[in-house]
Amino acid sequence: MSEAQVAETKTETPARADKRTAYLRPRYEVANTKEAYTVQVFVPGVPKEGVRITVDQDTLAIEATRRLTANDRWRARHREIPTADYRLRLDLNVPVDSHKITAKTTDGVLTITLPVAEAAKPRQISVN
Amino acid sequence: MHLIKYDNFWNDPFAEMDRLFDRAVSNNRFAGLFDNQFTSGRSFRVDVYDDNNEAYQVVAELPGVAKEDVGIQLENAVLTISAKRKVKQGEQEQSVQFSRSLTIDDDINADKVTAKLEDGILTVSLPKAEARKPQAITVS
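This write-up is about the structure you can find in this document. Note that the structure is a prediction, hence the values are computed from the model and not measured. (Residues numbered from 1 in each chain as written. Chains lettered and ligands numbered in written order. Predicted model: local features only at pLDDT ≥ 70, side-chain atom pairs only at ≥ 80, totals over all residues. Heavy atoms only, no water.)

Focus: the overall build of chain B
Of the regular secondary structure elements, chain B holds 3 helices and 7 strands. Helices (α) and strands (β) of chain B occur, in sequence order from the N terminus, as α-α-α-β-β-β-β-β-β-β. Relative to its full complement of 140 residues, chain B shows a buried share of 39%. Partitioning the contacts of chain B with sequence separation of at least 6, the portion at a separation of at least 24 is 49%. Carbon and sulfur atoms form 48% of the exposed surface of chain B, whose accessible area is close to 8,800 Å². (Helix = DSSP H or I, 4+ residues; strand = E, 2+ residues; numbered from the N terminus. Buried < 20%, exposed > 50% of the residue type's maximum accessible area, 1.4 Å probe, protein only. Contact = heavy atoms within 4.5 Å. Areas by Shrake-Rupley, 256 points an atom, 1.4 Å probe, with all protein chains shown as cover.)

Here you go:
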């Protein structure tokens, strides 16, 4: 590899010291009815503004950032709670109506309702 | 009176080893695999901080727990946090109970203990008693 090429690859990867690379996979529960799927994701410490949900065809991606409770004056005596962001990716095997997806956060639990697309709902066919 | 053997984080000689082990396995690529061991069991994760020598701050992860379902008890030097999470499954409603006891120092001003619950994170502030705070002594 020539020197020019080396220099080029270096500039392509900017230093992102503040970006955390470790992610936590949160615990989640899925419940379904004929009308909709409900996904409950346990994300303690995440405020409403810290949640990003994206639906790309059949993938539901959830990223959530905690608001840290500790400040500089607090010296840790004992630590268990990780500070990493949450990331969860779920494959949807049923077409959902992506325009009608709703989400809310209460007490650190993110509830996402995914309505099943009309075309995928079970239909009764009457015999003439 | 509670007898707590393993939660005494100042006296437990294995606490540091556990912490190092946890840090080694849970921080990067195995994070996802090990997250469930705390959140799905009967326990919950807890942080303890010393707030500028003025108070202890106990932070606990309690997602899905309503304010009225949290119980905090302080007996001598032992802080017990108990919580109840209600789980709705269709018509049925179940509740899961969690409890954890921590040994804090006995220099707490018990009358001034406050707690708040925000986004599933419970923060208990335990101010240190006035007489026990570190004092600067001037030489006369």
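Thoughts on the overall build of chain A
Tallying secondary structure elements over chain A gives 1 helix and 9 strands in all. A buried classification covers 34% of the 128 residues belonging to chain A. In chain A, the proportion of contacts linking residues at least 24 apart, taken out of those at least 6 apart, comes to 54%. Looking at chain A as shown, the accessible area adds up to about 9,000 Å², and 48% of this sits on carbon and sulfur atoms.

Here we look at the interface of chain A and chain B
Taken together, the 30 residues of chain A in the interface contact 38 residues of chain B. Of the roughly 3,000 Å² buried between chain A and chain B on both sides combined, carbon and sulfur atoms contribute 52%. At the surface where chain A touches chain B, the tally comes to 9 salt bridges. Residue Arg67(A) pairs with Glu118(B) through a salt bridge whose shortest N-O separation is 3.5 Å. In this structure, the connection of chain A to chain B is made through 17 residue pairs in polar contact (both at pLDDT 80 or more). Put simply, the parts of the chain that give the side of chain A that touches chain B at least two residues each are strand S1 (23-24) and strand S6 (74-78) of chain A. Ranked by residues supplied to the side of chain A that touches chain B, first place goes to S6(A) with 5 residues. (Buried area = accessible area lost by both parts, 1.4 Å probe. Salt bridge = Lys/Arg side-chain N within 4 Å of Asp/Glu carboxyl O. Polar contact = N/O pair within 3.5 Å; in protein donor to acceptor, adjacent residues only side chain to side chain.)

Structural notes on the sheet that holds strand S1 (residues 46-51) of chain B
Strand order across the open sheet formed by 5 strands is S6(A)-S1(B)-S2(B)-S7(B)-S6(B), with antiparallel pairing between neighbours. If you trace the sheet from one side to the other, it starts and ends with S6 of chain A together with strand S6 (114-118) of chain B, each paired once. Averaged over all neighbouring strand pairs, the angle between strand axes comes to 25°, with direction disregarded. In the sheet, S1(B) pairs with strand S2 (residues 55-61) of chain B via 6 bridges, with the strands oriented antiparallel. Bridge assignment links Asp47(B) to a residue of S2(B), and that residue is Val59(B). (Pairing = 2+ DSSP bridges. Axes fitted to C-alpha atoms, helices over the stretch in contact; angles between N-to-C directions.)

So, the packing of aromatic side chains
Summed over the entire model, instances satisfying the criterion amount to 2 aromatic pairs over all chains. With a centroid separation of 5.3 Å and 50° between ring planes, the pair formed by Trp74(A) and Tyr49(B) is classed as tilted. Taken as a pair, Trp74(A) in strand S6 and Tyr49(B) in strand S1 lie in two separate chains rather than in one. With a centroid separation of 6.4 Å and 75° between ring planes, the pair formed by Phe44(B) and Phe98(B) is classed as edge-to-face. (Phe/Tyr/Trp six-rings, centres within 6.5 Å; stacked < 30°, edge-to-face > 60°.)

A word on the nonpolar core
The biggest cluster of nonpolar side chains holds 20 residues, and the ones touching the most others in it are Val58(B), Leu62(B), Ile81(B) and Leu122(B). For this core, the secondary structure elements donating two or more residues are S1, S2, strand S4 (78-89), strand S5 (92-103) and strand S7 (121-127) of chain B. Discounting chain neighbours no more than four positions away, the residues touching Leu62(B) are Asp107(A), Phe44(B), Val70(B), Ile81(B), Ala83(B), Gly120(B) and Leu122(B). With 18 residues, the next largest nonpolar core counts Val51(A), Ile62(A), Leu88(A) and Leu110(A) among its residues. (Core = buried A, V, L, I, M, F, W, Y, C linked by side-chain atoms within 4.5 Å.)

Quick look at the side chain of Ser101(B)
Residues and elements named next belong to chain B. Along the chain, the position of Ser-101 falls in strand S5. On the basis of relative accessibility, which here comes to 14%, the residue Ser-101 falls in the buried class. Within the structure, the side chain of Ser-101 is placed 3.1 Å from the side chain of Thr-80, a separation counted as a polar contact.

The values are spatial; any link to function lies outside them.
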